[in-house]
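# Tertiary structure, described
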Amino acid sequence: MKKVLMGDHAVSHAAMLSRVQVISAYPITPQTYVVEELAEACRDGRLKAKFVMVESEHSAMACIIGACAAGSRAFTATSSHGLALMHEMLHWASGARLPVVMANCNRALGPPWNILCDHSDSMSQRDTGWIQFYVESNQEALDTVIQAYRIAEKVLLPVMVNLDGFFLTHTAEVVDVPDQDQVDAYLPPFSLPYKLDVEDPHSFGAICLDDNFMALKHDMQAAMDLARDAALEADEAFAEIFGRKYGLLEPYRMDHADTVLVTNGTITGTAREVVDDLRRRGVSVGLLKVRMLRPFPFAPVRSLLGDRERIAVIDRSVSYGLAGGLACEIRSALYGHDHGRPRVFGYIAGLGGKDVVPSDIEEIVNRTLTYEQPPRDDIWIGAGT
Amino acid sequence: MKRHLRELQPFNKEAEDKHIREGHGLHPLDAYLKPGRIPHIWCPGCGLGVALTAYIEALHRKKFPVDQCSVVSGIGCTGRIAGYLDMDTYHTTHGRAIPFATGLALARPDLHITVFSGDGDLFAIGGNHMIHAARRNVNLKVICVNNFNYGMTGGQAGPTTPIDAKTSTTPMGNAEPGFNLPHLAHASGAIYVARWTTFHPRQLVHSISESFDRKGFTFIEVIAPCPIGYGRPNKLGDGLEEMRYYREMSEVRNGADPGTAEIRLRDKILVGKFVDKERPDFLENYNNLVIAKAQAGKKGRAA
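What follows is about the overall build of chain B. Each helix and strand in chain B was counted, giving 11 helices and eight strands. Expected size for 303 residues packed as a compact globule is a radius of gyration near 19 Å; at 21 Å, chain B falls within 12% of this value. Once the C-alpha set of chain B is aligned to its principal axes, its extents read approximately 85 × 50 × 45 Å. The buried share of chain B, taken over its 303 residues, is 48%. Across chain B, the fraction of contacts at a sequence separation of at least 24, relative to all contacts at a separation of at least 6, is 67%.

Moving on to the sheet that holds strand β15 (residues 379–380) of chain A. Residue and element names in this part refer to chain A. On the basis of which strands lie adjacent, the open sheet formed by six strands has the order β9-β11-β10-β13-β14-β15 and mixed pairing. The open sheet is flanked by β9 (249–252) and β15, the only strands paired with a single partner. Bridge analysis of strand β13 (residues 310–315) against strand β14 (residues 343–348) gives six bridges, and the strand direction is parallel. Across the sheet, residue I314 finds its bridge partner in β14, namely Y347. Its contacts with the sheet put helix α9 (residues 267–280) on β9, β10 (259–263), β11 (285–290) and β13, and the angle it makes with β11 is roughly 165°. With respect to the sheet, helix α12 (residues 358–370) is in contact with β10, β11, β13, β14 and β15, its orientation differing from that of β13 by roughly 145°.

As a further point, take the packing of helix α1 (residues 7–17) of chain A against helix α2 (residues 32–44) of chain A. All names here are of chain A. α2 packs onto α1 with a crossing angle of 45° between their chain directions and a minimal axis gap of 8 Å. When the interaxial angle is binned, α1 and α2 end up oblique. In this structure, the crossing between α1 and α2 has a hand that is right-handed. Across the interface between the two elements, D8, H9, V11, S12, H13, A15 and M16 of α1 pack against T32, Y33, V34, E37, L38 and A41 of α2. A class-by-class count of the residues in the contact of α1 with α2 yields seven nonpolar, four polar and two charged.

Take the environment of N264(A) next. Residues and elements named next belong to chain A. Mapped onto the elements of the fold, N264 is located in the loop between β10 and α9. Of the residues examined, N264 reaches a relative accessible area of 4% and is grouped as buried. For N264 and V313, which are 49 residues apart along the polypeptide, the C-alpha to C-alpha distance reads 9.3 Å. Leaving out residues up to four positions away in the same chain, N264 has contacts with H119, Y134, V290 and L326.

Core analysis: the biggest nonpolar cluster contains 58 residues, and F75(A) and I131(A) have the highest contact counts within it. If you tally residues by element for this core, the top one is helix α8 (residues 213–242) of chain A, at 10 residues. Contact partners of I131(A), with chain neighbours within four places excluded, come to I151(A), V155(A), L157(A), P158(A), V159(A), M160(A), M224(A), A227(A), M292(A), R294(A) and P295(A). Judged by nonpolar contacts, the second largest core, of 45 residues, contains C69(B), F116(B), I143(B) and I220(B).

The subject of this paragraph is helix α10 (residues 239–249) of chain B. Residue and element names in this part refer to chain B. When α10 is considered as a whole, its buried residues turn out to be G239, E242, Y245 and Y246. Mapping the buried residues of α10 onto a view down its axis gives an arc of 110°, with all of them on the same face. Turned more than 90 degrees from where α10 packs its buried face, L240 and E248 sit exposed. The inward-facing, buried residues of α10 abut β5 (192–197), β6 (218–223), α9 (227–231), β7 (250–252) and β8 (269–276).

Moving on, we get to the interface of chain B and chain A. Residue-level contacts link 21 residues of chain B with 24 residues of chain A. Buried surface at the junction of chain B and chain A, summed over both partners, amounts to about 1,800 Å²; 62% is from carbon and sulfur atoms. At the surface where chain B touches chain A, the tally comes to zero salt bridges. Taken together, the links from chain B to chain A amount to six residue pairs in polar contact (both at pLDDT 80 or more). Take the side of chain B that touches chain A: its biggest share by element is three residues, from helix α5 (residues 119–125) of chain B. A breakdown of the residues in the side of chain B that touches chain A according to their chemical character gives eight nonpolar, 10 polar and three charged.

Residue and element names in this part refer to chain A. Partitioning chain A into structural domains gives domain 1 (2–242) and domain 2 (249–380). Computed over C-alpha atoms, the centres of domain 1 and domain 2 are 27 Å apart. Taken together, the contact pairs 28 residues of domain 1 with 29 residues of domain 2. Counting the surface lost from both domain 1 and domain 2, the interface buries some 2,200 Å², and carbon and sulfur atoms represent 54% of this.

Here we take up the pattern of salt bridges. Opposite charge on two side chains makes pairing possible when the charged atoms of those side chains draw close. All names here are of chain A. Tallied over the full model, the rule gives 41 salt bridges over all chains. Here E250 makes a salt bridge to R272, at a shortest N to O gap of 3.0 Å. With a gap of 22 residues between them, E250 in strand β9 and R272 in helix α9 connect regions that are remote in the sequence. For R272, a relative accessible area of 17% corresponds to the buried category. The partner of K289 in a salt bridge is E250, and the shortest N-O contact between them spans 3.6 Å. One end of the pair, K289, is in strand β11; the other, E250, is in strand β9, and 39 residues separate them in sequence. Given the relative accessible area of 23%, E250 is considered partly exposed. Here the salt bridges do not stand alone but share partners, grouping E136, E140, E250, R272, K289 and R291 into one network.

Among the surface-exposed residues, Y286(B), L289(B), V290(B) and I291(B) lie close enough to one another that they form a single nonpolar patch of about 320 Å² accessible area. Using a relative accessible area of 40% as the deciding quantity, one classes V290(B) as partly exposed.

It is worth spelling out the sheet that holds strand β2 (residues 88–91) of chain B at this point. All names here are of chain B. In spatial order, the strands read β2-β1-β3-β4-β6-β5-β8-β7; together these eight strands make up an open sheet with mixed pairing. Looking at which strands have only one partner, the edges of the open sheet turn out to be β2 and β7. Strand-to-strand twist in this sheet, taken as the mean axis angle between neighbours without regard to direction, amounts to 20°. The sheet contact formed by β5 and β6 spans six bridges and is parallel. Along β6, the bridge assignment pairs R195 with E221. Packing against the sheet, helix α2 (residues 48–62) makes contact with β1 (69–73), β3 (112–118), β4 (141–146) and β6, and its axis sits at approximately 170° to β3.

Here we take up the side chain of Q125(A). Mapped onto the elements of the fold, Q125(A) is located in the loop between α5 (120–123) and β6 (131–134). Take Q125(A): its relative accessible area is 4%, and that puts it in the buried class.

Quick look at unusual backbone geometry now. Residues and elements named next belong to chain A. Following G110, the chain continues into P111 via a peptide bond in cis, with omega recorded as -5°. One can find P111 in the loop between β5 (101–106) and α5. Cis geometry marks the peptide bond from R294 to P295, where omega comes out at -10°. In this structure, P295 sits in the loop between β12 (292–294) and α10 (298–305). The backbone of H256 shows a phi angle near 55°, a positive value even though the residue is not glycine. In this fold, H256 is placed in the loop between β9 and β10.

About the thresholds
Residues numbered from 1 in each chain as written. Chains lettered and ligands numbered in written order. Predicted model: local features only at pLDDT ≥ 70, side-chain atom pairs only at ≥ 80, totals over all residues. Heavy atoms only, no water. Helix = DSSP H or I, 4+ residues; strand = E, 2+ residues; numbered from the N terminus. Rg over C-alpha atoms; globule rule 2.2 N^0.38 Å. Buried < 20%, exposed > 50% of the residue type's maximum accessible area, 1.4 Å probe, protein only. Contact = heavy atoms within 4.5 Å. Pairing = 2+ DSSP bridges. Axes fitted to C-alpha atoms, helices over the stretch in contact; angles between N-to-C directions. Parallel < 35°, antiparallel > 145°, perpendicular 65-115°, else oblique. Left-handed = near helix turned anticlockwise from the far one by under 90°. Nonpolar A, V, L, I, M, F, W, Y, C, P; charged D, E, K, R; others polar. Core = buried A, V, L, I, M, F, W, Y, C linked by side-chain atoms within 4.5 Å. Arc of directions from axis to C-beta. Buried area = accessible area lost by both parts, 1.4 Å probe. Salt bridge = Lys/Arg side-chain N within 4 Å of Asp/Glu carboxyl O. Polar contact = N/O pair within 3.5 Å; in protein donor to acceptor, adjacent residues only side chain to side chain. Domains from an automatic or database assignment. Patch = residues over 30% accessible without salt bridge, like charges linked within 9 Å, V, L, I, M, F, W, Y side chains within 5 Å. Areas by Shrake-Rupley, 256 points an atom, 1.4 Å probe, with all protein chains shown as cover.

Now the structure itself:
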């Protein structure tokens, strides 16, 4: 059924449709509507789940780790400093191989205080063993949360679905909300192979030193490798039932494009418009949306970008002292393989809610076409310098 | 592609500065406020203006120059107080006002350091810090504005939301009892514990001034209306209605056992100065027990 939903509510609908059993959260802008709607749903019986508002995000993640270890499908949502506070527990979810799902409403980290969108929160958590998606629309947010449970429960790793704060979370769009029966067919009831169960006891978090710690971590990396295929399978199966498909990466007008823009999140929507406009004017530019950031889709990135001349990556966060995270990952994917050597231009834009408007993206394309070589590894757009 | 971008007016700094200069200083206590920051962000009927004014009154009464004072706040509507005061202030992360202030109190024991924060900040995400700073008896003046919910994020249930109260995350009523803050502060070791509502501004000013005379961890709870976040779902009326409620339902009982000061929905509110006792503060203990012994040991070795 089609509904007009804000991004936050699209996520709550997805959690409801996924029949989550335990929800634990702590309020933070711009995440609050996600859990408020779920609290409502628990009240009016739309969702049969236990909902607890705990005393911090650290506790929220710990609580859903506990719920999941007991075999329940668990959900939380957070943002920015909340995600930063969860950092320790993020490792505990992935290290214990618990398939929890979290929506993160991307927001800048302080100081100075800022409540608006950038990706510094989730980009800081890339090494925690969580699968990460970045979505472009409210429809994609809803669909990705449902897919996330299927992927997580297949490979036993947690999934973080990132949606841009305010640009998606507080903006209403038409969203096709799937029927419960169809989602039930897509997402069978949760069954965890290893759980806290008195009939079949298992212990979580036990000490494990130099004997087999490394082997377990290697297993996590192997599960990440499987997650790429699991995500493709989840997407295919989703398309069969619901008719919508996203891929790990989404190429847009990349045929014969010498220059390719690489984006994630909501900047992609603006970039599409600019690419259409430039194509009309005869500029051979294409666009690649990176939907899945962890595991990083190395092979498709290489095959899609390896033979281009110039790549312009737009990052909504910075790794200070290095460059934009996405740009670095694209560079690392392309180096040392048997294909051409595109020049990768890394741009930093849209920090702390700064709008990235069509003229900014046009400037990025212009600069990319004008420079002989990248003047730096990070080129800042809109910093007033 | 059609683009309709709004024509932006360039920021006129001169006109803005002139406007701020003209408006600032009209109120006798403006010297304590940062020029250009008023109007504040608080909703009509909110109790935070009363709490801030009471604090400024107390500074005024004690004749403390602003450069001997510092305010540390956490997150939430109360946290904004740090930004309005024209003194050295620190608007910290959620829950961490007390540890930041502890560091400040150790580095600058000469300053009057006040932690101004809300119930959600101090007792949920920062609850651990609160009890340990009280146990250590760090020389901090804590003013906690309690509005029974997370106001800034839209009225979710927090650590003080009374049982059965409605909020945006407890639409059926809260299943958890709230903290009795004076009881918790007392049990954790605070040397001075008082509670007033925003209907008691004079008593509040008196308590804040009095707490400045105490050396150690003091705790003052200010019960404040949040007509938008807490008042509306619980049908407490607007800010004025809530002040009437405080007038009718507050019972002043100085020296009362803080254990009897629990607040229930639409029930009486016990106010007053509950605890006022002496014990050595953290730095005094540290100097007497650690530094003195270390120095004695050094002298012994030298001889």
